[in-house]
Amino acid sequence: TWHLKKIPQIVRERTFSLDSPKFEAKTKLELNSVCGIECQRKLPVPSLSDLKNLLSYETVFENGTRTLTEVNVLGAVPDPAANTTIWRPLRKKRQIYGTDSRFSIYDKRFMTNFPFNTAVKISTGCSGILISPKHVLTAAHCLHNGKDYVKGSKRLRVGLMKTKSRGNGRKRKGTSDGMPSFQWTRVKSTHIPKGWFKGVSGDIALDYDYAVLELKRPHKRKYMELGISPTIKMMPGSMIHFSGFDNDRSGQLVYRFCSISDESNDLFYQYCDAEAGSTGSGIYLRLKEPNKKKWKRKIIAVYSGHQWVDINGEQQDYNVAVRITPLKYAQICFWIHGNDENCTQG
């Protein structure tokens, strides 16, 4: 069941202009030497002043201008046991673990219907998910490398799926109703938490690898609501689901589901089969609404991708996702609505 939680408040304190970014960084879909499972265990619980700093955010607008918004955090209760993880041995280098368990969605009836139609393509090479009539959730590193915005993010666009028939409207033998093509729409502004930037945290902080894009014009599709990420033991079969546009299956929407292996307060560690291009996909669960018989899918994490970390001096790999904690829910909800009044319960 989805459990309602009281959400901390994110309150805007002041906004000021910054110099325009250079937009010269290279898009990097794999990150190196980020804080891994052992490192996460040793992280101190952030203080209130740390949280205010990490959750302040940059906004880049379509014309290249940039602002920094400082925030205050009200009602946040730090969890002293937050970063404990269950240790299980990590696997060897690869992004497909054992048998490739991904499904390519070909059928138009599925592709253009919920939940698959909430998946979008980002023009820098990543995926994302629709979270409001005008907003898309994706990974921060699809847009920013920790020091500068990536090339191509100045004229950022989002591709919404539509289907096209292959060849004169006739179905080719053995094919289904069509491959997805994209209706591209411009991005008006981008929000990235300050916790993602190098210099704030000393290194890339994977915990803050998420960003929200505001579209220039609203789409008329069904979107997926945000949810607070439950712990592994509160998930049916510990299973998560997500769809994205993996680079090795060009032009296809790829769906997968798998179980989570480990968790920290801010991250899920899992071995979902995924290739570059699916980074930034929204990870979701289907749980029951409180006191109702209805089931509802909600986004509980953002897929950050295939990562390398140092563990006992050795490079190990895993696929990782950034959990939507109550604080992150409050921030993303604030970005969508522009105030915290609509963000008291999650």
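Residues numbered from 1 in each chain as written. Predicted model: local features only at pLDDT ≥ 70, side-chain atom pairs only at ≥ 80, totals over all residues. Heavy atoms only, no water.

(A) How the structure looks around the overall build of the chain. A tally of regular secondary structure across the chain gives 4 helices and 17 strands. Across the 346 residues in the chain, those meeting the buried criterion constitute 55%. Within the chain, counting contacts between residues at least 6 apart in sequence, those at least 24 apart form 74% of the total. Of the accessible surface of the chain, which amounts to about 16,100 Å², a share of 48% is contributed by carbon and sulfur atoms. (Helix = DSSP H or I, 4+ residues; strand = E, 2+ residues; numbered from the N terminus. Buried < 20%, exposed > 50% of the residue type's maximum accessible area, 1.4 Å probe, protein only. Contact = heavy atoms within 4.5 Å. Areas by Shrake-Rupley, 256 points an atom, 1.4 Å probe, with all protein chains shown as cover.)

(B) Unusual backbone geometry, seen in detail. Phi angles above zero are rare outside glycine, and Phe23 is one such case at about 55°. Its location among the elements puts Phe23 in the loop between strand S1 (9-18) and helix H1 (37-42). Residue Phe23 is classed as buried on the basis of its relative accessible area, which comes to 10%.

(C) Quick peek at the nonpolar core. Counting residues in hydrophobic clusters, the biggest one holds 66 residues, and the most contacted among them are Leu55, Ile131, Leu137, Val158, Tyr210, Leu226 and Ile332. Per-element accounting of this core gives the leading share, 8 residues, to helix H4 (residues 326-337). Ile332 has contacts with Ile131, Leu137, Tyr210, Val212 and Leu226, leaving out every residue within four places of it along the chain. Among the nonpolar cores identified, the runner-up in size contains 16 residues, and Ile240, Phe268, Leu285 and Ala301 belong to it. (Core = buried A, V, L, I, M, F, W, Y, C linked by side-chain atoms within 4.5 Å.)

(D) Local environment of the pattern of salt bridges. A full pass over the atoms with the stated rule returns 10 salt bridges. We note a salt bridge from Lys216 to Glu62, for which the minimum N-O separation is 3.2 Å. Here Lys216 is found in the loop between strand S10 (211-215) and strand S11 (225-226), whereas its partner Glu62 is found in the loop between strand S2 (57-61) and strand S3 (66-74), with 154 residues between them in sequence. Of the residues examined, Lys216 reaches a relative accessible area of 39% and is grouped as partly exposed. With relative accessibility at 25%, the residue Glu62 sits in the partly exposed group. The partner of Lys134 in a salt bridge is Glu214, with the nearest N and O atoms 3.6 Å apart. Placement of Lys134 in the loop between strand S6 (127-130) and strand S7 (135-138) and of Glu214 in strand S10 is noted, with a sequence separation of 80 residues between them. (Salt bridge = Lys/Arg side-chain N within 4 Å of Asp/Glu carboxyl O.)

(E) Geometry of H4. End to end, H4 covers 16 Å across 12 residues, agreeing with the expected 16 Å (1.5 Å per residue, within 8%). Burial runs high along H4: 10 of the 12 residues are buried. Taken residue by residue, H4 has Leu327, Lys328, Tyr329, Ala330, Gln331, Ile332, Cys333, Phe334, Trp335 and Ile336 as its buried positions. Positive phi appears at Gly338, one or two residues downstream of H4, with a value of about 80°. (Expected span 1.5 Å × (residues − 1).)

(F) Molecular detail of empty space enclosed by the protein. Scanning all chains against the criterion turns up 5 cavities of 30 Å³ or more. The volume enclosed by the largest cavity comes to roughly 80 Å³. As for the largest cavity, its lining consists of 13 residues, of which Val60, Phe61, Ser153, Lys154 and Thr190 are closest to the centre. With 4 residues, strand S9 (residues 179-193) is the single largest residue contributor to the lining of the largest cavity. (1 Å grid on protein atoms, 1.4 Å probe; cavity = no way out; pocket = protein on both sides within 12 Å on 5 of 7 lines; lining within 4 Å. Points joined across faces, edges and corners; volume = space filled by probe spheres on them.)

(G) Looking closely at the side chain of Ser56. Along the chain, the position of Ser56 falls in the loop between helix H2 (48-55) and S2. Within the structure, Ser56 has its side chain in polar contact with the backbone oxygen of Lys52 (distance 2.7 Å). Every residue in contact with Ser56, bar those within four places of it in the chain, is listed here: Thr69, Glu70, Val71, Ile192, Pro193, Lys194 and Gln331. (Polar contact = N/O pair within 3.5 Å; in protein donor to acceptor, adjacent residues only side chain to side chain.)

(H) Structural detail: H2. Those residues of H2 lying buried are Leu51, Leu54 and Leu55. Taken down its axis, H2 places every buried residue within 85° of arc, on the same side. (Arc of directions from axis to C-beta.)

(I) Focus on the side chain of Thr190. Relative to the helices and strands, Thr190 is located in strand S9. By relative accessible area, Thr190 is classed as buried at 7%. Setting aside chain neighbours within four positions, we find Thr190 in contact with Glu58, Thr59, Val60, Leu143, Leu156, Val212 and Leu213.

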